[in-house]
Amino acid sequence: MAKKNNQKKSLHTMDNGPRKIGLGKKILYLFIIPLLFALALLLTFAQITNINVFEKAKEFTSFGEDKPLDDNTKSIRLEERVVSLQAEIQQKEVQINQLHDEIENSEKSQESLLLEQENLLQEIEELKRQNEQSKRDYAEVVSTFEKMSAKSAAPVISNMSDAEAMRILASLKPDTVAKIYEKMSPQDAAKYTELMTKQ
């Protein structure tokens, strides 16, 4: 019985000893895993250096090569390319003409705006001159009423429109206005006094 136990122990120790690795595992460990690792490194390097792997593969293989074109096909493709380029040129010429028209229109509108601005400036100057002239004329009228006697000024003011009479009375000195009121009828004097207080 002791021999049987010793034999079991010796068999057991043999099992724990170095095992033989199968052929599949050897191929996997020695070739496939290193190949996959190298491939991963190459793809990472290609990504970093911006190399297109598929284009490089086409260069080394015959799959990416086109069949050589015959002269007829080449001339047809060239004609198609020429036609498309001529169409692009015509389109660009149309755009250029449109831009020229827009520039001309904007220049014309700018010129018309400048002319209109000059006309408006002239009108403003004319209105200023007229305004200054009317101020001088009005100052002369007020000065004339200041020099007139109250007896002469009262009937003239009574025959004017209310707005014009109020404008003149407001410009006269208070003493002159009082003398003119004395020479007016009581109704007119009351009317103009009331209008003066409303201003």
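Predicted, not measured: the structure shown is a model, and the values here were computed from it. (Residues numbered from 1 in each chain as written. Predicted model: local features only at pLDDT ≥ 70, side-chain atom pairs only at ≥ 80, totals over all residues. Heavy atoms only, no water.)

Below, the discussion takes up the overall build of the protein chain. Within the protein chain, the secondary structure is distributed over eight helices and zero strands. Listing every helix and strand of the protein chain by position from the N terminus yields α-α-α-α-α-α-α-α. Looking at the protein chain as a whole, 10% of its 199 residues are labelled buried. Within the protein chain, residue pairs in contact and separated by at least 24 positions form 61% of the contacts whose partners lie at least 6 positions apart. (Helix = DSSP H or I, 4+ residues; strand = E, 2+ residues; numbered from the N terminus. Buried < 20%, exposed > 50% of the residue type's maximum accessible area, 1.4 Å probe, protein only. Contact = heavy atoms within 4.5 Å.)

What follows deals with the packing of helix α4 (residues 71–147) against helix α6 (residues 162–171). Relative to each other, α4 and α6 sit at 70°, their axes nearing to 10 Å. Relative to α6, the element α4 lies roughly perpendicular. Contact residues: α4 offers Y138, V141, V142, F145 and E146, while α6 offers E164, R167, I168 and S171. When the residues that make up the contact of α4 with α6 are grouped by side-chain class, the tally is five nonpolar, one polar and three charged. (Axes fitted to C-alpha atoms, helices over the stretch in contact; angles between N-to-C directions. Parallel < 35°, antiparallel > 145°, perpendicular 65-115°, else oblique. Nonpolar A, V, L, I, M, F, W, Y, C, P; charged D, E, K, R; others polar.)

Here the focus is the pattern of salt bridges. Applying the stated rule across the entire model yields two salt bridges. As a salt-bridge pair, E126 and R129 come within 2.7 Å of each other at their nearest N and O atoms. With E126 and R129 both in helix α4, this residue pair falls three residues apart, about one helical turn. (Salt bridge = Lys/Arg side-chain N within 4 Å of Asp/Glu carboxyl O.)

Before going further, it helps to examine helix α7 (residues 174–183). Residues lying three or four places apart along an α-helix face the same way, a consequence of the helix completing one turn every 3.6 residues. For α7, every residue scored as buried is listed here: T176, V177, I180 and Y181. Taken down its axis, α7 places every buried residue within 140° of arc, on the same side. Facing away from the buried surface of α7 by more than 90 degrees, the exposed residues are D175, E182 and K183. (Arc of directions from axis to C-beta.)

A separate point is helix α2 (residues 23–48). Between its first and last C-alpha atoms α2 spans 37 Å; for 26 residues at 1.5 Å apiece the expected length is 38 Å, and the two agree. Positioned one or two residues after α2, N50 has a phi angle of 55°, which is positive. (Expected span 1.5 Å × (residues − 1).)

Glancing now at the side chain of T176. If you trace the backbone, T176 turns up in helix α7. Leave out the neighbours within four places in its chain, and T176 touches F145 and E146.

Another point: the confidence of the model for the protein chain. When pLDDT is averaged across the protein chain, the result is 82; 86% of the residues are at 70 or more. Here helix α1 (residues 2–15) is the element of the protein chain with the lowest mean pLDDT, 52, and α4 is the one with the highest, 90. (pLDDT = per-residue confidence, 0-100.)

It is the contact of α6 with helix α8 (residues 186–198), at a shortest axis distance of 10 Å, that shows an interaxial angle of 75°. Comparing their axes, α8 and α6 come out roughly perpendicular. Contacts between α6 and α8 pair D162, A165, M166, L169 and A170 from the former with K191, Y192, L195 and M196 from the latter. Split into classes, the residues belonging to the contact of α6 with α8 amount to seven nonpolar, no polar and two charged.

Turning our eyes to something else, we now look at a negative patch on the surface. A contiguous patch of negative charge, built from D101, E102, E104, E107 and E111, is present on the exposed surface. Mapped onto the elements of the fold, E104 is located in helix α4. Taking the relative accessible area as the measure of exposure, E104 reaches 42% and is therefore partly exposed. (Patch = residues over 30% accessible without salt bridge, like charges linked within 9 Å, V, L, I, M, F, W, Y side chains within 5 Å. Areas by Shrake-Rupley, 256 points an atom, 1.4 Å probe, with all protein chains shown as cover. Lys, Arg positive; Asp, Glu negative; His and termini not counted. Charge placed at Lys NZ, Arg CZ, Asp CG, Glu CD.)

Bringing the nonpolar core into the picture now. One finds I157, L169, L172, I180, Y181, M184 and Y192 to be the most contacted residues of the largest nonpolar core, which totals 18 residues. Apart from the residues lying within four places of it in its own chain, the contact partners of Y192 are I157, S158, M160, D162, A165, M166, L169, Y181 and M184. (Core = buried A, V, L, I, M, F, W, Y, C linked by side-chain atoms within 4.5 Å.)

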